[in-house]
Amino acid sequence: MAETQNTAEQAEILASELFSEFFWNKLGPSNHDWPCEDPEHHKVKEHPCDVVYYYDEPYAASQTYVHCDLKSYAKGTITAAAVRSAVESLAKQVSCAEKSEMWRKLHTHENVTFSVNGLLFVYNHDGEYEADFQKNLVHIPPESLQLPRGSRLFVLGPKEIFWLNNIRDEIQRLRGKRSPEIPSHEHCFYFHPQLVRRANLQVRKAKAATLETLTSPIIILEHHDPKGSAQRGVIVFYSRPGDTVDEFMYLIDTLRKYELLDDRTSVTVKTLGASPISSPTFQKAQLQYIEGLVGSNIATDLGDYVNAIRYEPMVHIKTTYSNIDLGTWA
């Protein structure tokens, strides 16, 4: 899985463009090595660092630092052995990061409570990888990674990166229209629900989509009226197939539980590559959900809110970079 400099740079460029739209911030230098804190166990003298991002946690008064290993590979170089090697190496990097004075000095803020998570970012630069990437992970025992308590390791494969990149493109398209459907960044944030046993402690400060959010089937972007009215918009990016009524009824009920259905909120559900029958299936789900409230012949406010939800499939986009162009502009 050898990478040339220009090919490796493709993942770095895409990650920067992608995560900035999800309100992640970069901190510290990129592409550097730092001393291993446990060379006897890790069998290396130094660890690499491609880039570190951070964001504020919604459910705790703390920050999360994301130590990234950015990979850019062609279809034929993505193998189970190579992915396992990258995951195990990243786990060692994360385990050393919290203990390393140099890593903390370069990549964290002072006097801040934080945790360190790892992210393996596997971008397929030729766009030809169609296998099930998750099969490369099933034979990696989590206990073998020996991550420190409170740290987690996430993997974004080609399919997940394609999905997130299309979300980014859709947001930028809606924001850039002659009559923008989404306001500028300062009026937008990613929605984190108030849960039964987990309160959103930083509603205004924690605007970013967390790692947990980015790897879930529902990503919700909320935006408020720049003119200061009480109106708000909600865009629900939904990654599931959308081929059953029950599936969409569950989604609608989730939006109700999240208190996103009311008279001041416009809601749009966006999908990508969903079932060919997803649009009529969503309409059926709306009707059945409304009928299940109090019957088909009785109008209710909630029924009106459900009926007003828009369903809009997105158009695929695929990001590719030219090694020649990158070499010319480097």
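Scroll up a little and you will see the structure.
Residues numbered from 1 in each chain as written. Predicted model: local features only at pLDDT ≥ 70, side-chain atom pairs only at ≥ 80, totals over all residues. Heavy atoms only, no water.

**Focus: the sheet that holds strand E11 (residues 265-271)**
Taken together, five strands build an open sheet; the order of strands is E8-E9-E10-E11-E12 and the sheet is mixed. Every interior strand has two partners, whereas the edge strands, strand E8 (188-190) and strand E12 (310-313), have only one. Between one strand axis and the next, the sheet turns through 20° on average, direction left out of account. Pairing of E8 with strand E9 (residues 218-224), which is carried by three bridges, proceeds in the antiparallel orientation. From the neighbouring strand, Cys188 faces E9, where its bridge partner is His223. Taken strand by strand, helix H7 (residues 245-257) contacts E9, strand E10 (232-238), E11 and E12, and its axis lies near 145° from that of E10. (Pairing = 2+ DSSP bridges. Helix = DSSP H or I, 4+ residues; strand = E, 2+ residues; numbered from the N terminus. Axes fitted to C-alpha atoms, helices over the stretch in contact; angles between N-to-C directions. Contact = heavy atoms within 4.5 Å.)

**Description of the nonpolar core**
The tendency in soluble globular proteins is for nonpolar side chains to be buried side by side. Counting residues in each nonpolar core, the largest one holds 38 residues, and the members touching the most others are Phe19, Phe22, Trp24, Leu119, Phe121, Leu164 and Phe237. Here the element with the most residues in this core is helix H5 (residues 158-175); it accounts for six residues. Not counting chain neighbours up to four residues away, the residues in contact with Phe121 comprise Ala11, Leu14, Ala15, Leu18, Phe19, Asp69, Leu70, Lys71, Leu156 and Ile161. Among the nonpolar cores identified, the runner-up in size contains 28 residues, and Val116, Leu120, Leu137 and Ile140 belong to it. (Core = buried A, V, L, I, M, F, W, Y, C linked by side-chain atoms within 4.5 Å. Buried < 20%, exposed > 50% of the residue type's maximum accessible area, 1.4 Å probe, protein only.)

**Here we look at the pattern of salt bridges**
Taken as a whole and judged by the stated rule, the model has 13 salt bridges. Across the pair Lys257 and Asp253 runs a salt bridge, and its minimum N-O distance is 3.6 Å. Placement of both Lys257 and Asp253 in helix H7 is noted, with a separation of four residues, approximately one turn of the helix. The residue Glu312 makes a salt bridge to Arg310 at a minimum N-O spacing of 3.4 Å. Here the salt bridges share partners, and the residues they tie into one network are Glu170, Arg173, Lys270, Arg310 and Glu312. (Salt bridge = Lys/Arg side-chain N within 4 Å of Asp/Glu carboxyl O.)

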